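Below, each chain spelled out in residue letters.
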Amino acid sequence: YIGIFGAVSLFTVNIIFMAVKTYNNFKIVKDLKIAAEISLERMSREIRLANDIDISRSVLDASPGKIYLNTVNFDTGSSKTIEFFASNGALIVVQNGLSQEYLTSSSTEVTNLVFREIVSSTTSKAIKIEMELRAKKSGFET
């Protein structure tokens with residue numbers, strides 16, 4: 001009876017550990033997906049609304065990339081600049097060189113950020129964003 005009880009206990013403990021590991025992996029993937037969606041949505045929106053890209057101040061086709069956008073503040077009508085870049089594993093947006101905002105959490109690390117300019121005609125420009133993220137939480141990594 002002791003042998004059977006020991007085997008059943010070991011089996012139960014292994015199932016509990018697997019369930020905890022699966023839950024943590026699911027949570028990490030969910031957090032990573034949310035961070036990617038928020039970051040890409042914000043960058044895409046600001047790039048789409050921008051009047052121009054300051055190519056001389058931007059770092060294109062390299063990682064970590066940096067992009068400077070010249071745009072207009074819709075509330076006041078005044079011009080403003082928006083800068084996106086990665087620093088120490090965090091994705092950062094800076095408006096008018098003053099207010100710095102983190103777009104990723106401390107458990108998410110930006111491992112690669114590249115901006116590529118795509119010119120399809122003389123009147124149209126586009127930016128391709130390549131971004132890789134890694135998430136760590138409670139000893140688990142994805």
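Since we're looking at a predicted model, the values are computed, not measured.

Visitor: Can you walk me through the nonpolar core in this structure?
Guide: Side chains that are nonpolar tend, in soluble globular proteins, to be buried together. In terms of nonpolar packing, the biggest core is built from 23 residues, with Ile67, Leu69, Phe84 and Phe115 touching the most fellow members. Of all the elements in the fold, those that place two or more residues in this core are helix 1 (2-49), strand 2 (66-72), strand 3 (79-87), strand 4 (90-95), strand 6 (108-119) and strand 7 (125-137). In terms of residue count, helix 1 provides more of this core than any other element does, five residues in total. Filtering out sequence-adjacent residues up to four positions away, Phe115 remains in contact with Met43, Val59, Leu60, Asp61, Gly65, Lys66, Ile67, Phe84, Ile127, Lys128 and Ile129.

Visitor: Please clarify how the pattern of salt bridges should be interpreted in this entry.
Guide: Once the charged atoms of two side chains with opposite charge are near each other, the side chains can pair. With the rule as written, the count across this model stands at nine salt bridges. In this structure, Arg134 engages Glu109 in a salt bridge whose closest nitrogen and oxygen atoms are separated by 3.7 Å. Here Arg134, found in strand 7, pairs with Glu109, found in strand 6; they are 25 residues apart in sequence, far enough to count as distant. Accessibility expressed as a relative area gives 30% for Arg134, which makes it partly exposed. Each of the salt bridges in this network shares a partner with another, and the network as a whole consists of Asp61, Arg116, Lys128 and Glu130.

Visitor: Please explain the side chain of Asn112 as it appears in this structure.
Guide: For Asn112, the location among the structural elements is in strand 6. Within the structure, the side chain of Asn112 is placed 2.7 Å from the side chain of Ser63, a separation counted as a polar contact. Excluding its chain neighbours within four sequence positions, the residues that come into contact with Asn112 are Ser63, Glu130, Met131 and Glu132.

Visitor: What exactly am I supposed to notice about the environment of Lys128 here?
Guide: With respect to the secondary-structure elements, Lys128 resides in strand 7. The class of Lys128 is partly exposed, set by a relative accessible area of 42%. Residue contacts for Lys128: discarding those within four places in its chain leaves Val114, Phe115, Arg116 and Ile118.

Visitor: Where do I start with the packing of aromatic side chains in this structure?
Guide: To describe a pair of aromatic rings, you give the distance between the ring centres and the angle between the ring planes. The full count for this structure, using the stated rule, is zero aromatic pairs. Positioned above the aromatic ring of Phe85, the side-chain terminus of Lys66 is 5.3 Å from the ring centre.

How each quantity is defined
Residues numbered from 1 in each chain as written. Predicted model: local features only at pLDDT ≥ 70, side-chain atom pairs only at ≥ 80, totals over all residues. Heavy atoms only, no water. Core = buried A, V, L, I, M, F, W, Y, C linked by side-chain atoms within 4.5 Å. Buried < 20%, exposed > 50% of the residue type's maximum accessible area, 1.4 Å probe, protein only. Helix = DSSP H or I, 4+ residues; strand = E, 2+ residues; numbered from the N terminus. Contact = heavy atoms within 4.5 Å. Salt bridge = Lys/Arg side-chain N within 4 Å of Asp/Glu carboxyl O. Polar contact = N/O pair within 3.5 Å; in protein donor to acceptor, adjacent residues only side chain to side chain. Phe/Tyr/Trp six-rings, centres within 6.5 Å; stacked < 30°, edge-to-face > 60°. Lys NZ or Arg CZ within 6 Å of the ring centre and 35° of its normal.

Distances and angles like these do not, on their own, reveal function.
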